[in-house]
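# Coordinate inspection notes
Here is what each chain is made of, one letter per residue.
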Amino acid sequence: MAAPGALRCARGGLALTWGLLYLAGVLCSGEQGQPRSGAPEEGQVRLAGGPHRCAGRVEVFHAGRWGTVCDDAWELPDAQVSCRQVRCGPALWAPGAAQFGRGSGEIWLDDVTCAGNETHLGQCHAQPWGHNDCFHGEDAGAVCADSLEPEPPHLRLAGGRHRCAGRVELLHLDRWAGVCGHTWGPREAQVVCRYLGCGTPLADAPGDAPGDAPGDAPGDAPGDAPGQVWLEQVSCEGTERDLRHCRAGPWRERTCDQGGVARVACSGSALATPPQVRLASGPGRCAGRVEVLHLGRWGTVCDDTWAFPAAAVVCRYLGCGQVIAAPPRARFGPGRGPVWLDGLTCTGEEAAPSECRHKGWGVHTCEHSEDAGVVCAGSGLADLTHLRLAEGPHRCAGRLQVLHEGRWGGVCGLTWALPAARVTCRYLGCGPALRAGQVSVGREELTWVESLRCNGSEWSLLECQVRLWGAPYCPHATLTCAQPGEALTRSGVTTVPSGEPLALPGASQPRPGATLAPPGVPQVSPGVPQVSPGVPPGASPEPSGVPPGVTLAPSGVSPGVTPTPSGAPEEGQVRLAGGPHRCAGRVEVFHAGRWGTVCDDAWELPDAQVSCRQVRCGPALWAPGAAQFGEGAGPIWLDRLSCAGNEAHLAECPSRPWGAHTCSHREDAGAVCAEPGAGAAPQVRLSGAPDRCAGRVEVLRAHLWGTVCDDGWGLRQAQVLCAHLGCGHALEAPGAARYGQGAGPIWLDDVTCTGKERDFFRCAHRTWGENNCRHGEDAGVVCAGNSSSPEVRLAAGPHLCAGRVEVLHEGRWGTVCDHGWDLRDAQVICRQLGCGEALSAPGHAHFGQGSGQVWLSDLTCSGRERHLGHCPAPPWGNNTCGHEEDAAVECAAPHLSVPTPSPEPLQVRLAAGPGRCAGRVEVLHLGRWGTVCDDTWDLQAARVTCRHLGCGPAISAPGGARFGPGRDPVWLDQVRCSGEELTLDRCELRQWGEHDCGHEEDAGVVCAGESCR
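Note that this is a predicted model, so its numbers are computed, not measured. (Residues numbered from 1 in each chain as written. Predicted model: local features only at pLDDT ≥ 70, side-chain atom pairs only at ≥ 80, totals over all residues. Heavy atoms only, no water.)

### Focus on the overall build of the protein chain
A count of helices and strands for the protein chain gives 8 helices and 53 strands. The buried share of the protein chain, reckoned over its 1013 residues, is 54%. For the protein chain, the proportion of contacts with a sequence separation of at least 24, taken over those separated by at least 6, is 70%. When the accessible area of the protein chain is evaluated, it comes to approximately 42400 Å², of which 50% is carbon and sulfur surface. (Helix = DSSP H or I, 4+ residues; strand = E, 2+ residues; numbered from the N terminus. Buried < 20%, exposed > 50% of the residue type's maximum accessible area, 1.4 Å probe, protein only. Contact = heavy atoms within 4.5 Å. Areas by Shrake-Rupley, 256 points an atom, 1.4 Å probe, with all protein chains shown as cover.)

Structural data, given as C-alpha cells:
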C-alpha cells in the first residue's frame, strides 16, 4: 500500500491520494496522456464541441486566434485532411450547418477544396484567410474513425435488470467495487445517469444495508472484490460530466460501515420494450431513417434542428454504439405515414429520443423529404474505410476485400460496376479505374458486402448505397486501377487486355456486350467512316480527360507537349495537359519559373485558337472550361483573356495582370485543336436510351465525343443516320435534348441531308465545332430497329396487367427503379403488354421487392413510345437504386370487382369519369357541389375517397384536371391524409373554401372498382 501523499494512477484515469481530493485534472507520472506543449501553432487544427477529440467543429489557429471553417463546398476529402491533422483515423462524415454547435470569433476559411491527401488544411485551395460570406450557423465539422473507440469502462450499474439501474461500481486496479451510500443523493445520481446516457434519476435509491445478501454483493465479473467498496464521502454538485469530477474520500478497499452500497435507478431503465425507435431503409439495424412508434403507428422525425447529440441518443438507445453521422434530407429515402417529431433538441445525455424537447407529437411543418437519418458505429459502415485489393499483380489490382470483425471478406460482384470501381481506386490512392469485373470464389470465402452502388463521384465507399454484412454465395468483385505514375499508351489512353479503353471518372461506360473497334481497324470498308452504334456515352476509344496523378508522357516530358530542344520551358510557353493527345488538354502557361493554369472567365474559341497555334497544332475546335481536363495545380496565371485569335502567343492578348484572378482550379480552361495530319474517320453513336437504335446523336472527332445541334434537324437527317447505323427506317427526329443534354463539344450544326446519302457524314454541315447552340438543343433519333423490343413482364401482381416491372437484358430479368417513374412511363409498359391504359405507376416496391440487377432508372418517357427501349434513360445497370425502390404498373385490364359501398356523413362523388369509381373529386358543402385542389393531393387521400365510395383500393390520384375542369367553388385545398381516415373532412386541410387554386388543378381519383373497363 502506498504511503500517505504518494500518487497512484488508476486504469480508469482516476488520480488518487490519501485524503480528500478532486478526482479530475491530475496527470499522473508515467500516465500516457497528451500534455499541452504551450501555445498552438499557426495552421493548427482542433475539433471542438464534440463528444471526444476525434469528432467536432473544425477550428483553425491563425494570426494568434482560433476560428472556424465555413461549410461551403465542405466535403469528405476536406474532413479527411482535418482528421489527419488531429492524428485521428479516416474521415467518416463531413457535417455542416454547425452540427457541433456554433463557434465564435473569426470564420477563417471558406470554399475549402482538398484532394484528401494534403497534410494540413493550409495546403488546400480556399478563399484567402478571413474572406467568406458565411455565419457561424454554417460552421463545418468532422467525424473521424478513432472517435468510435469506446472509452475504457470505469463506471457501471450492476445487479439490476437494466444497464440503467443497479449498484454504482467503479473500476480501479483492474477490479470492480462499489461506492458507499451514506453521502449519496440525487446530485450524485444525476452525474451517474448523465455519464451513462441513461437519462435522469427516477428517485432516491438509498444504499443497501450492511450485510447485503451474497447474491446482491458488488462484483459480478472475474476479478471483482465481493463485498468491497472503493470510495466513500462522494460529493457532487450535479453538473459534473463524470464522477471523476466530484470530490471523494481516499481510495481503499473496505466494507461500507454505514449507509450500504449506493444504488441508482435512471429513467432509461423504465423505457418501454420492445424499443419505440427503429432505423429503416439502411444497410442494417444500426443505420437508416429514424422512425418512432406513437399511438401504434410508426412515423418519422423531421430534420429541423436534427443534430449530432440527438443522433447519439438514438444510437445509444438502440445499443448501436457511438454515432458516426446524423444525415438530414432523407438520406435513406423518404418515409411514409406521419411525421411524428419536429424541432427535436437533445443534450446527448437523454436515455431515449422521447426525453428530448420537441414541438409535440405530430406537430410539424415538414415533408418526408426532410426525414432525419442516423449512422451508428454498430452498423460497421466505418469498416468500409479498411480496404485492400488481394491476389492481384500489384497493389492497385485484385479482388476487393473489406476488413470487418477482424477478418477480410469480399464484395458481392452482382451489383459491382465501374462507378464503384472509380471510387475505390481513388480512395486507395491509385490511378483511374481500368476495369470492374467479378471472379468465382469458394463457398468457404466470406462475403461481407451484399451490394454496393455508387455514382462515381463519391470520395469513399461510405457515401455509396450499401447492404451489409454477410451475403449469400456470389462471385466477388475485382478491379484493376492504373498504378500511380503509370504511363498511358495509345495516344494517352491505357488499354486493358480486352482492348477496352481507360475508364475515366465522370464518364459513362459501355454497357455489357458493346464492342469498340481497336484503333486502326475500321468497322466498314476503307474510306467509309467508322460507326459503333452500341457504344454508350463516355466510353470513347480515346477518352477526353485523365485525372491528376496519371502521367501522360515519359518522365521529364510535359504531358501532351513536345519539349523544346533545350528541354527547359521558356517564359510564356504553353502546353496542353491532362488530355488524350498533345493537341487537347488543360491550358497551362510557364511564367516566373512555374507552370500555372488559365481561368475560364471569358474563355472562348479565339483564345483557344492562340493556344493551338502556340503548341503547333491545327485550328481550335473547342474551348471548354470548368476543368474539363481535370484540375491543375500551382498558380492561376491568367484570367479574363480576350484574344482576337491572330496573336502569336497568349501573352499578347489583353487580360488581367499575371496572377490576378478570382478563380479556383475548378475553372481551369482547356483547348481542343485539330491534330496535324490526323485523318481518322469520325464515328457516330446513339446515347441516352436503353435501345441501341434510339437516343441522342453523338459523333467522335479529335478523340472527343460531342453532340449534334437540332437546327435544321428533321426526318431526312434521321433517315440517313438510321440507315447508317443499320437500324431500319426513322420513326422520329426529336430535338431539344429529348434524350438528355450531352457533354463536351457540339460538333455539328445545320446538318442538311437529301435522304439519299449512303452514310451520315456525307451530309452537308457547318465547319466542325462551329455552331450557335446549347446542349439543350441536342438532336436525337428514334429508329424502327432490326431486332425485337426489350422483353417486359409484370410480376407479383394480382393479375397479368399489374405488378412489379421487370425487363430482360443479357438473358437476366431485372427490375426498374422508381426514380422519375410516372404515369407516362407506365403507359408505355401497358401499351407494350397490350393491357390498355395505365391507371397508376406506384413505386417503393408496391408489389414487393424484386431480385437480381436493377436494370433501368430515371426513365423519362413521353408516353407515346412503342416500347420501353425508346424512352430516354441512363445506360443499362447505371444507377444507385435498391430493390426497395422497384417500380410497378397497374393497367386497366382485366376488369376488377366492386365492393359494396358504405354510407358516410360527408357526401363525395367522382364526376366526368368513365364510371362512378373514377373521375374528378367533388364534395357537397352548404348545398353546393365543389372540387378539391390537387395541391398535396396524393394516393393516401385517394384511398380515403375510394373507401368512402365503396370502390375498392385507390389505383391513382391524378391532378391537373385529368378528368376536365369542374365548375362552382373549389371547396378543399392542402388535403393531407394518412390513408386511414373514414372521410376527407377528417384529414388535415384548410378551411372550407380557402384555397389558391384554379379549376385546372382539380384533383381526381381512379379506384379499382367498376371504373376499370
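Next comes the rest of the write-up.
### Remarks on the nonpolar core
Residues Leu121, Trp306, Val374, Leu384 and Leu452 are the most contacted members of the largest nonpolar core, which totals 95 residues. At 8 residues, helix H3 (residues 308-317) tops the list of elements feeding residues into this core. Apart from the residues lying within four places of it in its own chain, the contact partners of Trp306 are Gln99, Val290, Val301, Ala311, Val314, Ala326, Pro327, Leu344, Ala372, Gly373 and Val374. Leu686, Val751, Trp768 and Cys783 belong to the second largest nonpolar core, which has 33 residues in total. (Core = buried A, V, L, I, M, F, W, Y, C linked by side-chain atoms within 4.5 Å.)

### Re the state of the cysteines
Counted by the stated rule, this structure contains 27 disulfides. Residue pairing for Cys83: its cysteine sulfur links by disulfide to Cys144, the two sulfurs lying 2.1 Å apart. Because the torsion about its S-S bond is -90°, the bridge between Cys83 and Cys144 counts as left-handed. Of this pair, Cys83 sits in helix H1 (residues 76-85) while Cys144 is found in strand S9 (residues 141-144), placing the two residues 61 residues apart along the sequence. Take Cys83: its relative accessible area is 0%, and that puts it in the buried class. Disulfide partner of Cys114: Cys124, at an S-S distance of 2.1 Å. Judged by the sign of its S-S torsion, about 105°, the bond between Cys114 and Cys124 is right-handed. One end of the pair, Cys114, is in the loop between strand S8 (107-109) and S9; the other, Cys124, is in the loop between S8 and S9, and 10 residues separate them in sequence. Of the two residues, Cys114 and Cys124, both sit in the buried class. (Disulfide = S-S within 2.5 Å.)

### What to know about the packing of aromatic side chains
Per the counting criterion, the structure on display carries 12 aromatic pairs. For the pair Trp340 and Trp361, a centre-to-centre distance of 6.3 Å together with 75° between the ring planes defines the contact as edge-to-face. With Trp340 in strand S20 (residues 339-341) and Trp361 in the loop between S20 and strand S21 (373-376), this pair connects stretches of sequence that are 21 residues apart. The class of Trp340 is buried, set by a relative accessible area of 10%. Exposure remark for Trp361: the relative accessible area of 33% places this residue in the partly exposed category. Here the aromatic cluster, defined as three or more aromatic residues joined through ring pairs, consists of Trp713, Trp747, Phe760, Phe761 and Trp768. (Phe/Tyr/Trp six-rings, centres within 6.5 Å; stacked < 30°, edge-to-face > 60°.)

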